[in-house]
Amino acid sequence: PPVPASVPGRDDRTIMAVTPRWYGPGVAEASHPDSAPGGAPVPVVGRVLGTEDATPLEFWVGIAPGSSLQLDDVVALGRALPGGAGSVEMYGVVSQVRARHEGAQFDSDVFLIADGQLPAEVSEAALVATTRFEPEVFVPPLPGQPVRRAVGAERDRALFVDTMDRPLPAGLSRDGEPVFVDLDFLDGTRGAHVNISGVSGVATKTTYATFLLYALFESGQLGAEAPNTKALIFNVKGEDLLFLDRPNRLLPPEQAERYGSLKLPTGAFRSVAVLAPPRPGDANAAPWVSSRTEGVRSFFWTLEEFCRDGLLQFLFADAEDDRQQYTMVVQNVMARLRDVPAVGDGAVKVVDRTCRTFRDLVDQIVDLVLDEDTGPEWAGRAIGAGTINAFVRRLLGAVEAIEPLVRGDVTRSADQRLTFDGAQVTVVDIHSLRDRAQRFVVGVVLRTAFRKKEASGRAKPLQFVVLDELNKYAPSQGSSPIKEILLDVAERGRSLGIVLIGAQQTASEVERRIVANSAIRVVGRLDAAEAARAEYGFLPTVQRQRATLIKPGTMIVSQPRLPVPVVLEFPFPAWATRSAEADDGGERAGTDDDPFVGL
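Residues numbered from 1 in each chain as written. Predicted model: local features only at pLDDT ≥ 70, side-chain atom pairs only at ≥ 80, totals over all residues. Heavy atoms only, no water.

Q: Give me the lowdown on the packing of aromatic side chains, citing residues and values where you can.
A: Tallying each qualifying case throughout the model produces 16 aromatic pairs. A cation over an aromatic ring shows up here: Arg98 above the ring of Trp60, its NZ or CZ 4.4 Å from the ring centre. Directly above the ring of Phe160 sits Arg132, whose terminal nitrogen or CZ lies 4.8 Å from the centroid. (Phe/Tyr/Trp six-rings, centres within 6.5 Å; stacked < 30°, edge-to-face > 60°. Lys NZ or Arg CZ within 6 Å of the ring centre and 35° of its normal.)

Q: Mind laying out the pairing of strand 22 (residues 520-523), listing which residues take part and the relevant values?
A: Sheet analysis places strand 10 (residues 194-197) next to strand 22, joined by four bridges and oriented parallel. Within the sheet, the bridge partner assigned to Val194 lies in strand 22 and is Ile520. (Pairing = 2+ DSSP bridges. Helix = DSSP H or I, 4+ residues; strand = E, 2+ residues; numbered from the N terminus.)

Q: Got a sec to walk through the pattern of salt bridges? Specific residues and values, please.
A: By the definition in use, this model includes 31 salt bridges. A salt bridge links Asp468 to Lys237, with the shortest nitrogen-to-oxygen separation between them at 3.6 Å. Note that Asp468 is positioned in the loop between strand 20 (463-467) and helix 12 (470-473) and Lys237 in the loop between strand 11 (230-235) and helix 4 (253-261), a separation of 231 residues in sequence. Assessed through its relative accessible area of 33%, Lys237 is described here as partly exposed. (Salt bridge = Lys/Arg side-chain N within 4 Å of Asp/Glu carboxyl O. Buried < 20%, exposed > 50% of the residue type's maximum accessible area, 1.4 Å probe, protein only.)

Q: I'd like to hear about the pairing of strand 4 (residues 74-80), residue by residue, with values.
A: Counting buried positions along strand 4 gives five out of seven residues, so the element sits mostly inside the fold. Two strands pair when backbone bridges link them, and strand 4 and strand 5 (residues 87-102) are joined in this way by seven bridges, in the antiparallel orientation. Within strand 5, the residue paired with Val75 across the bridge is Gly92. If you look at the hairpin formed by strand 4 and strand 5, you'll find six residues sitting between the two strands, and Gly83 has a positive phi there, around 75°.

Q: Residues and numbers for the side chain of Glu305, please.
A: By the secondary structure assignment, Glu305 is in helix 5 (residues 303-308). Reaching out from Glu305, the side chain makes a polar contact with the backbone nitrogen of Thr302 at a distance of 3.1 Å. Those residues within four positions of Glu305 in sequence are excluded, and the remaining contacts are Gly310, Leu311, Arg412 and Arg417. (Polar contact = N/O pair within 3.5 Å; in protein donor to acceptor, adjacent residues only side chain to side chain. Contact = heavy atoms within 4.5 Å.)

Q: Hey, could you go over the sheet that holds strand 17 (residues 353-355) for me, with residue numbers and the actual values?
A: Spatially, three strands are ordered 15-16-17 in an open sheet, and the strand pairing comes out antiparallel. Of all strands in the sheet, those bounded by a partner on one side alone are strand 15 (342-344) and strand 17. The mean inter-strand angle of the sheet, taken between neighbouring strand axes irrespective of direction, is 30°. In this structure, strand 16 (residues 347-350) lies alongside strand 17, joined through three bridges in antiparallel fashion. Opposite Lys349, over in strand 17, you have Thr354 as the bridge partner. In the packing of helix 7 (residues 358-370) onto the sheet, the strands contacted are strand 16 and strand 17, and the crossing angle to strand 17 comes to about 145°. (Axes fitted to C-alpha atoms, helices over the stretch in contact; angles between N-to-C directions.)

Q: Outline the nonpolar core, supporting the account with residue identities and numerical values.
A: Formed by 77 residues in total, the largest nonpolar core has its most connected members in Phe234, Phe306, Phe391 and Phe440. Ranked by residues supplied to this core, first place goes to helix 11 (residues 435-456) with nine residues. Excluding residues that lie within four positions of it along the chain, Phe306 makes contacts with Leu311, Leu312, Leu315, Leu337, Phe358, Leu361, Val406 and Phe440. Val93, Leu212, Leu241 and Val289 belong to the second largest nonpolar core, which has 69 residues in total. (Core = buried A, V, L, I, M, F, W, Y, C linked by side-chain atoms within 4.5 Å.)

Q: Can you tell me about unusual backbone geometry, naming the residues and giving the values?
A: Trans peptide bonds make up the majority, and among non-glycine residues the majority have a negative phi. The omega torsion across Glu134 and Pro135 is -10°, close enough to zero to call that bond cis. Mapping Pro135 onto the fold places it in the loop between strand 6 (121-134) and strand 7 (146-149). Note that the residue after Lys460, namely Pro461, is joined by a cis bond; omega there is 0°. Looking at where Pro461 falls in the secondary structure, it is placed in the loop between helix 11 and strand 20. One non-glycine residue with positive phi stands out, namely Asp72, at about 80°. Among the secondary structure elements, Asp72 is positioned in the loop between strand 3 (58-63) and strand 4. The phi angle at Phe160 is positive, at roughly 65°, despite the residue not being glycine. For Phe160, the position within the fold is in the loop between helix 2 (153-158) and strand 8 (167-172).

Q: Summarise helix 9 (residues 385-397); cite the residues concerned and give the values.
A: Between the first and last C-alpha of helix 9 there are 18 Å, a value that for 13 residues agrees with the 18 Å anticipated at 1.5 Å per step. Those residues of helix 9 that sit buried are Thr387, Ile388, Ala390, Phe391, Val392, Arg394 and Leu395. Of the surrounding elements, those touching the buried residues of helix 9 are helix 6 (327-337), helix 7, helix 8 (375-379), helix 10 (399-402) and helix 11. (Expected span 1.5 Å × (residues − 1).)

Dropping the structure here:
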């Protein structure tokens, strides 16, 4: 229909047709030798806008008609330097995309434009966060410069893959291209440790941690060290991690193809040992699991080890315990127990009583600290009755939870020792234990692993530790024996060859030094209030907002090599995550729309 010269009620405006003046000829493609194999033409997706400020850190790109840019796309452009000083190549990642009507002034103009009464054109633009300059001449791009999609070697330069001696596959970009992290910042060469945050049951934190381990073992980047590298995983929720050595029979074909894109084999972990606590009341200390009936060993400690190795402190591993006076009693009693003699089969003799169960030992300790004659020797001098009674109440409250784990009434076989040398991956199942018992197992096992690496005097082979619910074991406030060990791992583990892959729902509730020492930080789905905390300051504003929306299987990864975090997706596990995926029974674990449902 004919366009009127003016719109009723808006006579102060002159209506002019908006044409794509700035695109110019040849915007559809350009030739760049590094952009595509064989020097094939590379799409130019737009030009640098002149209506918005362009800085070395970020700039806006007007998207050409027929082209598109989405969040996380990688782009490149070049600029000639003044005075014949050469040129600089700039690379960046799209951090925001917008669309608007050019030629509209009022909100209601959208209806007139839709009806053909007001000429206007849709304009799309993308905000690009720069990642790299070659050479490092930090000048802004000039308005009107063509911007091309970075592919091939240019994409590798934009994401610093060309500077990584050992790129480790970390997932796939939204367009199906592999994304890497620098192994030097994971294995202790330049940095170490991974911290993963996200909402429980949605962020797939543990699933991504196991994917990183699988990539480590199967990518070939560890070289000759791969067979000797060990991983220790604490299974704290359900029995999902008990089947890492079984292929996933429900793996969708399209997900299997994604492993090929990452140059990883599709299969299960090759060497896995599964350890579980003894079933309460079982005379033979059979493992306490239900979904897996074979290939699982039980573990427990003898009373002799409990006394000799000072394991009593891990019964008081809650952060609030350190603020109580009875920790002095703990230290005094622990010092006395180190000298008690063993009487065989893991039992001990404490003063005049032979103890073969944990309950026997606790009863004897209670009698000794409350007795008027032995109390000063065992509980400590000048210790008030209230402090001693608080210690006794806490100790008696631990009996039922710890009794199956510490005993001298069962002859322990070699298979029931908790060791990490028998397999490449050792899964310690603690999900069935009470909170007190979980803390005890985590504390004792972490100390054993740390001391073993410390005694070896060598960083290689590496020892990885995967621990979920990090906020429970290393809270931001207070102190505890477990927290001190985790701090040691975070601060000295890099030089000792022990690497922590920690996960939690809320990084704001974890000891700051542990998170700060993690070279690689990963974020899944976040709660909106948590995403606003200062601990996520490494995420740009847009990515903080996206973190509250992303679906399972999508992670935001920050690493020292890249100045901006990268959003990636990782494949559905090729190993079974439950019994239904490992055998012929059970229902399908996921759907085509969301293959990570339930993980």
